[in-house]
Amino acid sequence: QLQLVESGGGAVRTGGSLTLSCVPVGGAGRANCMGWFRRLPGKGREGVATIWIDRNMTYYDHTLKDRFTISRDSSKNTLYLQMNNLQPEDTATYSCAAGSLSHCGRLWPGDFPFWGQGTQVTVSS
C-alpha cells in the first residue's frame, strides 16, 4: 500500500521560511493528485495546496497562496511545500496526501485515501 513520508518541519521565528518534502514509498499504482494539509491545535484538517500531477496545475487556499508554493520534482519523485513569511498562526502539523481524484482542486481532506504521518511546524513570535 502507498505510504508517504514527510520531512522538513521544525521551529522558526516569525517571518522565517521552511520547505517541507514528501516522498511516496511503496504501493502500487500512481496518484494523479497530491496535496498538503494542516491541522491546527484543537482543530480539524484544512487544505493548504494541491497539485494535479499530470497537468502540473496547482490549487491553493486563497489566504495562503501569496506565501506558500506547492511543487513536485518528477525526477526525485518528491512533493514540496515552500513556506515563506511564516506567522505564529501557521503553527500546525503538516501532512501530505495522495489519491486518484476527479476534483484535485477542491482541497477537501476527505478526498484523499493516502496520508503521511505529518511533520510539525512551530512558529514563534
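This structure is a prediction, so every number in the text was calculated from the model and none was measured.

A. Main features of the nonpolar core. Ranked by size, the top nonpolar core spans 27 residues in total, and within it W36, L81, M83 and Y94 carry the most contacts. Among the secondary structure elements, those contributing two or more residues to this core are β3 (18-25), β4 (33-39), β5 (45-52), β7 (68-73), β8 (78-83), β9 (92-99) and β11 (119-124). Per element, the largest residue contribution to this core is 4 residues, and it comes from β9. Leave out the neighbours within four places in its chain, and L81 touches L18, T19, L20, W36, V48, F68, T69, I70 and Y94. Judged by nonpolar contacts, the second largest core, of 7 residues, contains C33, L101, C104 and W115.

B. Quick peek at the sheet that holds strand β1 (residues 3-7). The 4 strands are arranged β1-β3-β8-β7 in an open sheet whose pairing can be described as antiparallel. In the strand order of this sheet, the two ends are held by β1 and β7, each with one partner. Geometrically, the sheet is characterised by an average inter-axis angle of 20° between neighbouring strands, direction not taken into account. Sheet analysis places β1 next to β3, joined by 5 bridges and oriented antiparallel. From the neighbouring strand, E6 faces β3, where its bridge partner is C22.

C. Spatial organisation of the side chain of T78. Among the structural elements, T78 can be located in strand β8. Here the side chain of T78 touches K76 through a polar contact of 2.9 Å, landing on its backbone oxygen. Sequence-distant contacts of T78, defined by excluding residues within four places in its chain, comprise S21, C22, V23, S71, R72 and D73.

D. Region of the structure containing the pattern of salt bridges. Summed over all chains, the structure comprises 4 salt bridges. Between D90 and R38 there is a salt bridge, with its nearest N and O atoms 3.0 Å apart. Within this pair, whereas D90 is found in the loop between β8 and β9, its partner R38 is found in strand β4, the two being separated by 52 residues in sequence. Note on accessibility: D90 and R38 belong to one class, buried. In this structure, R106 and D111 form a salt bridge, with 2.8 Å as the shortest nitrogen-oxygen distance. Salt bridges sharing common partners tie together R38, E46, R67 and D90.

E. Quick look at unusual backbone geometry. A positive phi is found at N77, a non-glycine position, where the angle reads about 50°. Inspection of the secondary structure puts N77 in the loop between β7 and β8. One non-glycine residue, N85, lies in positive phi territory at about 50°. By secondary structure assignment, the location of N85 is in the loop between β8 and β9.

Definitions and limits used
Residues numbered from 1 in each chain as written. Predicted model: local features only at pLDDT ≥ 70, side-chain atom pairs only at ≥ 80, totals over all residues. Heavy atoms only, no water. Core = buried A, V, L, I, M, F, W, Y, C linked by side-chain atoms within 4.5 Å. Buried < 20%, exposed > 50% of the residue type's maximum accessible area, 1.4 Å probe, protein only. Helix = DSSP H or I, 4+ residues; strand = E, 2+ residues; numbered from the N terminus. Contact = heavy atoms within 4.5 Å. Pairing = 2+ DSSP bridges. Axes fitted to C-alpha atoms, helices over the stretch in contact; angles between N-to-C directions. Polar contact = N/O pair within 3.5 Å; in protein donor to acceptor, adjacent residues only side chain to side chain. Salt bridge = Lys/Arg side-chain N within 4 Å of Asp/Glu carboxyl O.

Remember, this is a structural readout, not a statement about activity or role.
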